[in-house]
Amino acid sequence: DLALENGPQTFSQTEQKFTKDPIMTERCKIMIVGGGIGGLTAAGLLLLAGHEVELFEQAPELGEVGAGIQVSANATHVLRQLGVLDRLAAVSVRPLRTEFRLHDTAEVVGQILLGDTHEDRFGAPYLHVYRPDILRVLEERVRELSPSAIHLNKALERYEEDDQGVTLRFADGTTARGDLLIGADGIKSVVRSQMHGFEPANFTGNVAWRGMIPADRLPADFQPPIFVNWMGPDKHMVVYWVNGGRLLNFVGCVEKPEWTQEGWAIKAPWDDLKTDFASFHRDVQTMIDAADKDNCFCWALNNRPRLKYWSTDRVTLLGDSAHPTLPYMAQGAVMAIEDAAVLMRALDECNGLGAALKTYEQARIDRTARIVDESTEHARLFHFQTHAEFREAFARKDPATDRGLWLYNYNPLTVSLAVAPA
Ligand code: FAD
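Rules behind the numbers
- Residues numbered from 1 in each chain as written.
- Predicted model: local features only at pLDDT ≥ 70, side-chain atom pairs only at ≥ 80, totals over all residues.
- Heavy atoms only, no water.
- Helix = DSSP H or I, 4+ residues; strand = E, 2+ residues; numbered from the N terminus.
- Buried < 20%, exposed > 50% of the residue type's maximum accessible area, 1.4 Å probe, protein only.
- Contact = heavy atoms within 4.5 Å.
- Areas by Shrake-Rupley, 256 points an atom, 1.4 Å probe, with all protein chains shown as cover.
- Axes fitted to C-alpha atoms, helices over the stretch in contact; angles between N-to-C directions.
- Parallel < 35°, antiparallel > 145°, perpendicular 65-115°, else oblique.
- Left-handed = near helix turned anticlockwise from the far one by under 90°.
- Nonpolar A, V, L, I, M, F, W, Y, C, P; charged D, E, K, R; others polar.
- Pairing = 2+ DSSP bridges.
- Polar contact = N/O pair within 3.5 Å; in protein donor to acceptor, adjacent residues only side chain to side chain.
- Near = heavy atom within 4 Å.
- Salt bridge = Lys/Arg side-chain N within 4 Å of Asp/Glu carboxyl O.
- Arc of directions from axis to C-beta.
- Phe/Tyr/Trp six-rings, centres within 6.5 Å; stacked < 30°, edge-to-face > 60°.
- Lys NZ or Arg CZ within 6 Å of the ring centre and 35° of its normal.

A separate point is the overall build of the chain. When helices and strands are tallied, the chain shows 14 helices and 21 strands. By the burial criterion, 58% of the 422 residues in the chain qualify as buried. The long-range share in the chain, meaning contacts at least 24 apart out of those at least 6 apart in sequence, stands at 75%. Accessible area of the chain: about 17000 Å², with a carbon and sulfur share of 49%.

Turning our attention to the packing of helix 3 (residues 73-82) against helix 10 (residues 332-349). How two helices pack is summed up by the angle between their axes together with the distance between the axes. It is the contact of helix 3 with helix 10, at a shortest axis distance of 9 Å, that shows an interaxial angle of 50 degrees. If you check the angle between helix 3 and helix 10, you find them oblique. Crossing of helix 3 against helix 10: the hand is left-handed. Of helix 10, the residues touching helix 3 (which contributes Asn-74, Ala-75, Val-78, Leu-79 and Gln-81) are Val-334, Met-335, Ile-337, Glu-338, Ala-341 and Met-344. Partitioning the contact of helix 3 with helix 10 into residue classes produces eight nonpolar, two polar and one charged.

Attention shifts here to the sheet that holds strand 9 (residues 156-161). On the basis of which strands lie adjacent, the open sheet formed by three strands has the order 9-10-11 and antiparallel pairing. Single-partner strands in this sheet number two, and they are strand 9 and strand 11 (175-178). This sheet shows a mean twist of 20 degrees between the axes of neighbouring strands, independent of strand direction.

What follows covers the pairing of strand 5 (residues 97-102). Most of strand 5 is tucked away, with five of its six residues classed as buried. Here five bridges tie strand 5 to strand 6 (residues 108-113), and the two strands are oriented antiparallel to one another. Bridging from a neighbouring strand, Thr-98 pairs with Ile-112 of strand 6.

Moving on, we come to the environment of Ser-189. Following the sequence through the fold, Ser-189 ends up in the loop between strand 12 (180-183) and helix 7 (190-196). Here the alpha-carbon distance between Ser-189 and Asp-320, two residues 131 residues apart in the chain, equals 8.2 Å. The contacts of Ser-189, once residues within four sequence positions are left out, are Leu-317 and Ser-321. A polar side-chain atom of Ser-189 sits 2.5 Å from a polar atom in the side chain of Asp-185.

This part is about the site of the ligand. Neighbouring the ligand are 32 residues; Gly-38, Glu-57, Gln-70, Arg-131 and Asp-320 lie closest to it. Residue Gly-38 places a main-chain N or O atom 2.8 Å away from an oxygen atom belonging to the ligand. Gln-70 places a polar main-chain atom, nitrogen or oxygen, 2.9 Å from an oxygen atom of the ligand. Considered on its own, the ligand offers 1000 Å² of accessible surface; in the complex 88% of this is hidden by protein. Among the elements of the structure, helix 2 (37-48), strand 4 (68-71) and helix 10 are those that each provide at least two residues to the shell around the ligand. Split into classes, the residues belonging to the shell around the ligand amount to 15 nonpolar, 11 polar and six charged.

Glancing now at the pattern of salt bridges. According to the stated counting rule, one finds 24 salt bridges in the structure shown. Between Glu-119 and Arg-94 there is a salt bridge, with its nearest N and O atoms 3.0 Å apart. Separated by 25 residues along the polypeptide, Glu-119 in helix 5 (residues 115-122) and Arg-94 in the loop between helix 4 (85-90) and strand 5 bring together distant segments of the chain. With relative accessibility at 25%, the residue Glu-119 sits in the partly exposed group. For Arg-94, a relative accessible area of 34% puts it in the partly exposed group.

Turning to the environment of Gln-285, a few remarks are in order. Relative to the helices and strands, Gln-285 resides in helix 9 (residues 282-290). Through-space distance from the C-alpha of Gln-285 to that of Lys-274 is 7.7 Å; in sequence the pair is 11 residues apart. With residues near it in sequence (within four places) discarded, Gln-285 still touches Lys-274, Phe-277, Ala-278 and Phe-280. Within the structure, Gln-285 has its side chain in polar contact with the backbone oxygen of Phe-280 (distance 3.0 Å).

By the burial criterion, the buried members of helix 12 (residues 387-395) are Phe-390, Ala-393 and Phe-394. Buried residues of helix 12, seen end-on, are gathered within an arc of 95 degrees and therefore sit on one face of the element.

In total, this model carries five aromatic pairs according to the counting rule given. When the ring of Phe-227 is compared with that of Tyr-240, the centres are 5.7 Å apart and the planes differ by 85 degrees; the resulting orientation is edge-to-face. Here the residue Phe-227 occupies a position in strand 14 (residues 227-232), and Tyr-240 occupies one in strand 15 (residues 235-242), the gap between them amounting to 13 residues. Geometry around Phe-297 places Arg-210 over its ring, the cationic atom sitting 4.2 Å from the centre. Stacked on the ring of Trp-270, the Lys or Arg Lys-293 has its end atom at 4.2 Å from the ring centre.

Everything listed is a geometric property; what it means functionally is a separate question.
Written out as structure tokens, the structure reads:
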């Protein structure tokens, strides 16, 4: 079972404020726009809860880019509830620890134990996942629960909300109607733009290189199943195995003001990747040298303004559409998965759709805002200039707890758990 961060009292408080024209939430017809990790998780959970669900995805097929993703216990709890954790774990890697290394000497200045430590402490595993694997597992589960729930080639252009429901209008001229719309349509969300007006993104000046290297292109003992974070002046690179250890994933973040293109599939020259990380340790060079020179990608990292609200009476947002998050804490998709669990629970427990959406938003808005802010802050922490600054930051203790301050703040699970076993 799943608990809301603010406890059950939140439900009754918001119900009292939001009792206008209550719509029973049982057997709601729910329309989800966006078949990413957030939309598919929501679809599965809402089907399990007994709702009628239709998911509309603009692409001709569901598919993720060939990148990696880290999934911590706050999300793997939810995936267990959805009935997909074992399937996902079978094709993932369970890392033993995170190591924070100086970029050139490989000196380890800090570490977080994962593996059994993470699982014993939080009750669910930390996984390194190949994005196509998680999407496939989620899609399979949704189709098991409702073979006709997923509609492809459906690009939402706009929606119309009235007292009785919501109508979706797609680019192909077709429409759909239901009781509730969940906009899980990512960082360039149409639903968010319609709810709030278009607001331009602010470029952070940082880009994320990414690539994937088959294990057989690397020395046999290249890197054990750990997560290595190579940290240097103005740049860092994270490296971990996915896909059952068959693929090594790297994401290299660099301050690079001249590159402003945002998206997973934008290719950039391998030579620039090599130049950007030229000062890094020989292990990083081995990895870059083994990368497919025609398949290196570069993503401009943007911040977007925080939303004051996410929901109207019958429309709400979920995942990146509600709270786009920089990747520095590896929590963007994890927050989308948490959102889905909390929304399902709010619909289950609140009397009325409006009350449920309000409760969902209240339970999520502060936590996700904090994760967004802390993720942004971590860009600075990963990019100190000198070895001494890195060592000092990792050695600093919180006097109250005698715990490593930096590492303590780094792990969102130790700060708070929005979704915990009841
Ligand atoms: P998306 O995955 O963007 O899905 C949105 C879906 O909506 C897409 O399928 C899209 O085609 C569809 N869509 C869009 N518009 C329409 C429309 N008009 N009509 C119909 N369909 C539409 N997060 C982590 O938790 N761990 C990590 O390790 C991690 N690493 C990251 C590394 C990098 C470099 C980056 C950039 C991000 C990382 N993230 C990570 C963040 C994570 O990728 C996102 O937070 C997550 O994918 C958001 O999921 P979503 O379902 O909200 O949106």
